[in-house]
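Chain and residue survey
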Amino acid sequence: MGNNIKKELKMAEKLNLKKSEELYNEAWNLVPGAVAGIRRPYNFVPGEYPIFFEDGKGGRVTDVDGNEYIDYLCAYGPIIIGYREEEIDNAVIAQIRDKGFCFSLTQKYQNQLVKKLKTLIPSCEMAAFVKTGSDATTTAIRISRGYTGKTKVLRCGYHGWHDWCVEVKGGIPSKLYEDVYEFHYNDLQEVEDLMKEHGNDVACIIVTPVGHPLAHEVEMPKPGFLEGVKALTEKYNCVLIFDEIRSGFRVDMGGAQKYFGVTPDVSVFGKALANGWPIGAVVGKEKIMKMLEKEVFLSSTFFPNSDAQVAALATIDFMERNNALAVIKQKGEAFAKRVIEIIEKSGVPANFSGGPWMPFITFPADEKKLYKELRNEFYTQLIRKKVFLQPYHHGYICYRHTDEDLIYTTDMIADSLEDVRKKYLV
Ligand SMILES: Cc1ncc(COP(=O)(O)O)c(C=O)c1O
């Protein structure tokens, strides 16, 4: 399969995207914006990327026109093992067929999953399940406000689409976010200054333990950053929340908190926890989580459904038995090393970030804004060679990416940078 792709794609012609475009045109009259948010063509290279997928398997996806790609977007994070991983999907199918998953009362898998999370995640003494990452971050904020009796929130990173944190403010009364203050990842001084001003009214600081702002390089924590933020929450008696929606079950089975050795009071997980099945988890210290017993409300029709809980149990089991995160890290490290060497040799101003888990090739801004053209050209060439990476969002390595996939990808990164160099830099 890889060889076919190589022969076919080295020609790097524009892809046939006819059916994608037909569906897209049709969708404009059906769905506002045709497709949802970050899936819209302007987040890729319009006219070059597919818009609708047909199916996926392992580390590959196929669009509706039959183009097959090695996919590094991994559904924006949930795919940690691979698409249609039989063991996980079969566990859920069996649950649906033999027991059912949507009931008026709770099934036992809730307890099983919490017991498992307690063995893995340092901050987990108790847990509550929701459906999405946004549900989980919003629950964590509400618990913190309930626990401390304070209102203000310091935040850093993307935490979802809810009123208190979303960037696009349309439709949201300012009173719903005016107590929320944003700081920059790795800028401890900024957090300190904000706490000096607001500390006594701050309920929590929520931060992604790995820095991954949209369209910017991925950052690992500077020595002392996470520890410093934690010390400030202790000083001002507020709750430290790690938003591990992307880093959880990817950087380490115990989250980035385990990897970096800093334990928050509360943390939230989602995406990779169930290899694509929808689940979010809020975990934390018992005394804080117990706010959910009475003072703080959390309930929704679908939150207790067991399909995703069963998927999470099966995903964790698979990953433990196959040492999947160690495999991903090893593959990702080799990939990162090769890409860094390729960029250095290429003569194209580009950066690699994201370490072994979240690979991202970015183009540093220049005064003439040439970087935008370099970026467009690079990602155009790459998608034509059937490597699916996102121009504005880091990618992910999954367990099913083969060594052959990764080598093909680095070859195509080298070729695409050369295309960019020839077109813009000679
Ligand atoms: C760090 C982080 N937190 C929260 C969210 C929101 O999760 P969801 O999209 O599942 O609501 C995301 C989604 O990308 C995320 O990356």
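Residues numbered from 1 in each chain as written. Predicted model: local features only at pLDDT ≥ 70, side-chain atom pairs only at ≥ 80, totals over all residues. Heavy atoms only, no water.

On to the nonpolar core, then. Core analysis: the biggest nonpolar cluster contains 80 residues, and Leu117, Phe249, Ile361, Phe363 and Tyr379 have the highest contact counts within it. If you tally residues by element for this core, the top one is helix 11 (residues 324–346), at 8 residues. Setting aside residues up to four positions removed in sequence, Ile361 forms contacts with Val339, Ile343, Ala350, Asn351, Phe352, Phe378, Tyr379 and Ile413. By size, the runner-up hydrophobic cluster in this structure holds 23 residues, among which are Ala128, Val180, Ile206 and Ile245. (Core = buried A, V, L, I, M, F, W, Y, C linked by side-chain atoms within 4.5 Å. Buried < 20%, exposed > 50% of the residue type's maximum accessible area, 1.4 Å probe, protein only. Helix = DSSP H or I, 4+ residues; strand = E, 2+ residues; numbered from the N terminus. Contact = heavy atoms within 4.5 Å.)

Here Thr410 shows up in helix 13 (residues 403–424). What makes Thr410 buried here is its relative accessible area of 2%. Separated by 72 residues in sequence, Thr410 and Arg338 place their C-alpha atoms 6.9 Å apart. When residues no more than four places from it in sequence are discounted, the contact partners of Thr410 are Phe335, Arg338, Val339 and Ile342. In terms of polar contacts, Thr410 uses its side chain to reach the side chain of Arg338, at 3.3 Å. Here the side chain of Thr410 touches Ile407 through a polar contact of 2.9 Å, landing on its backbone oxygen. (Polar contact = N/O pair within 3.5 Å; in protein donor to acceptor, adjacent residues only side chain to side chain.)

Moving on, we come to helix 6 (residues 188–198). Every buried residue belonging to helix 6 is among Val191, Leu194, Met195 and His198, and all of these are buried. Buried positions in helix 6, seen along its axis, are confined to an arc of 100° and lie on one side of it. Exposed and facing more than 90 degrees away from the buried side of helix 6 are Lys196 and Glu197. Those residues of helix 6 hidden inside the fold are in contact with strand 5 (152–156), strand 6 (180–182), strand 7 (202–207) and helix 7 (225–235). (Arc of directions from axis to C-beta.)

Another aspect to go through is helix 7. Within the sequence span of helix 7, burial applies to Phe225, Leu226, Gly228, Val229, Leu232 and Thr233. An end-on view of helix 7 places all buried positions within 160° of arc, on one side of the element. In helix 7, the exposed residues that point more than 90 degrees away from the buried face are Glu234 and Lys235. Where helix 7 terminates, the next one or two residues include Asn237, which has phi positive at roughly 55°.

As a further point, take the environment of Ala34. Looking at the secondary structure, you find Ala34 in the loop between helix 2 (18–27) and strand 1 (53–57). Of the residues examined, Ala34 reaches a relative accessible area of 4% and is grouped as buried. For the pair formed by Ala34 and Ile279, sequence separation is 245 residues and the distance between their alpha carbons is 26 Å. Ala34 has contacts with Tyr24, Ala27 and Trp28, leaving out every residue within four places of it along the chain.

Here we take up the confidence of the model for the protein. On average, residues of the protein score 96 in pLDDT, and 97% of them are at 70 or above. Overall, residues 6–10 carries pLDDT values under 50, and its contacts beyond four positions in sequence, including any with other chains, amount to 10 contacts. (pLDDT = per-residue confidence, 0-100.)

A few words now on the packing of helix 12 (residues 370–384) against helix 13. Where helix 12 contacts helix 13, the two axes come as close as 9 Å, and the packing angle between them is 135°. By the angle between their directions, the pair helix 12 and helix 13 is classed as oblique. Between helix 12 and helix 13 lies a crossing whose hand is right-handed. Seen from helix 12, the contacting residues are Leu370, Glu373, Leu374, Glu377, Phe378, Gln381 and Leu382; seen from helix 13, they are Met412, Ile413, Ser416, Leu417, Asp419, Val420, Lys423 and Tyr424. Among the residues forming the contact of helix 12 with helix 13, the class breakdown is 9 nonpolar, 2 polar and 4 charged. (Axes fitted to C-alpha atoms, helices over the stretch in contact; angles between N-to-C directions. Parallel < 35°, antiparallel > 145°, perpendicular 65-115°, else oblique. Left-handed = near helix turned anticlockwise from the far one by under 90°. Nonpolar A, V, L, I, M, F, W, Y, C, P; charged D, E, K, R; others polar.)

Phi is positive for Asn237, close to 55°, though the residue is something other than glycine. Its place among the elements puts Asn237 in the loop between helix 7 and strand 8 (239–243). We classify Asn237 as exposed; its relative accessible area is 61%. Positioned with a positive phi, Lys369 is a non-glycine residue whose angle comes to about 65°. Its location among the elements puts Lys369 in the loop between strand 12 (360–362) and helix 12. Residue Lys369 is classed as partly exposed on the basis of its relative accessible area, which comes to 46%.

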